[in-house]
Amino acid sequence: MRRLAHMLVLTAPLLVAGCGASQSKPTAQDDAAWDQAMMAGRDSFELGRYTVAVSQYRKAANLAIVRDDGTAVAEAGYDLAVSQLAANTPDDALKTTQATRQAVQLRGAQDMSSLDLVEAASHYRLGHYAQAIPLAQQAMRSADTGVAARAALVLGLAADAQGDQSALQAAGVYLSGLKQPLSVAQQADRAEIQARVLRHSNPALAEQQAEEAANLRQGEAAYHDMARALALAARIAASQGDQAKAHALWARAAQSAAAQSGSLNRMDAQTLVHGS
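Structure report, in brief. (Residues numbered from 1 in each chain as written. Predicted model: local features only at pLDDT ≥ 70, side-chain atom pairs only at ≥ 80, totals over all residues. Heavy atoms only, no water.)

Before going further, it helps to spend a moment on the side chain of Arg 67. Within the secondary structure layout, Arg 67 lies in the loop between helix H3 (50-66) and helix H4 (70-86). A residue is classified by how much of its surface remains accessible, and Arg 67, at 12% relative accessible area, is buried. At 2.9 Å, the side chain of Arg 67 forms a polar contact with the side chain of Asp 69. (Helix = DSSP H or I, 4+ residues; strand = E, 2+ residues; numbered from the N terminus. Buried < 20%, exposed > 50% of the residue type's maximum accessible area, 1.4 Å probe, protein only. Polar contact = N/O pair within 3.5 Å; in protein donor to acceptor, adjacent residues only side chain to side chain.)

Here it is as structure tokens:
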């Protein structure tokens, strides 16, 4: 399955619309229309035009339902949910993921790890940490290392927010055990989760790890994740009594998160930075 890079899926109306779909074999024209919608969605996503990407992926998902193609339903639904997360509508992403799961199961699919991942991420963004943890743990069992590694990040974030030290440690162990070479995103994920694991036992090293994660994310243009890592470094600095550094890190984190959209991304500032 093709996936949007570094990211971590159909709405109920689409499923209703598909109930009476023709059972005829998909045509070349059907394939071309689906490919075009998916390509337009990817292009829009890469340009940061997330609402346009949502529209295109919704169209692709509808086409997949019409032609009763479970594989296409899963792919378009996953990309739709990821785009909804990027567009700052995690509630929509959650509904999309759950409806896609039902549609894919109806068509006999077995591997749900990608949907587990994006549903876990949606729950995390909504503050449903207890619900995010088991879904992330399921996704970590995926044969796809990319999915499993990203799920470990979500598990670590949700576990830390929930105060579940066992799950946080499990996420850290998984990311530490990844085989080299690691992608830059995986290096950043590992550094951030290690910072969360160590922040009470070794705050000085934890602060270094959080800042390293922020620097790596900056190089990857993963600015939401960068802001979250900066905020983590700020909390650790504050815990060590370095209020001046903490204030500067908080300001950088909040300003970055706030400047990521015309509406100043208030939800991202709250759900990803966890700042005041």
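Here we take up the packing of helix H7 (residues 129-139) against helix H8 (residues 145-162). Relative orientation of the contacting elements H7 and H8 amounts to 155°, with a least axis distance of 8 Å. Overall, the two elements H7 and H8 adopt an arrangement that is roughly antiparallel. When the axes of H7 and H8 are compared, the crossing they make is left-handed. The segment H7 lies against H8, with Tyr 129, Ala 130, Ala 132, Ile 133, Ala 136, Gln 137 and Ala 139 engaging Val 147, Ala 148, Ala 151, Val 154, Leu 155, Ala 158, Ala 159, Ala 161 and Gln 162. Among the residues forming the contact of H7 with H8, the class breakdown is 14 nonpolar, 2 polar and no charged. (Axes fitted to C-alpha atoms, helices over the stretch in contact; angles between N-to-C directions. Parallel < 35°, antiparallel > 145°, perpendicular 65-115°, else oblique. Left-handed = near helix turned anticlockwise from the far one by under 90°. Contact = heavy atoms within 4.5 Å. Nonpolar A, V, L, I, M, F, W, Y, C, P; charged D, E, K, R; others polar.)

End to end, helix H10 (residues 184-198) covers 21 Å across 15 residues, agreeing with the expected 21 Å (1.5 Å per residue, within 8%). Of all the positions in H10, only Ala 185, Gln 186, Ala 188, Asp 189, Ala 191, Glu 192, Ile 193, Gln 194, Ala 195, Arg 196, Val 197 and Leu 198 are classed as buried. (Expected span 1.5 Å × (residues − 1).)

One finds Trp 34, Leu 117, Tyr 124, Val 154, Leu 155 and Ile 193 to be the most contacted residues of the largest nonpolar core, which totals 56 residues. Excluding residues that lie within four positions of it along the chain, Leu 155 makes contacts with Ile 133, Ala 136, Gln 137, Met 140, Ala 167 and Ala 171. Ala 206, Ala 231, Ala 234 and Leu 249 belong to the second largest nonpolar core, which has 19 residues in total. (Core = buried A, V, L, I, M, F, W, Y, C linked by side-chain atoms within 4.5 Å.)

The subject of this paragraph is helix H11 (residues 203-219). With 17 residues, H11 should reach 24 Å at 1.5 Å per residue; the first-to-last C-alpha distance of 24 Å fits that figure. Residues of H11 that are buried: Ala 206, Glu 207, Gln 209, Ala 210, Ala 213, Ala 214, Leu 216 and Arg 217. Those residues of H11 that are buried lie in contact with H8, H10, helix H12 (223-239) and helix H13 (243-258). Positive phi shows up at Ala 221, right after H11, with a value of about 60°.

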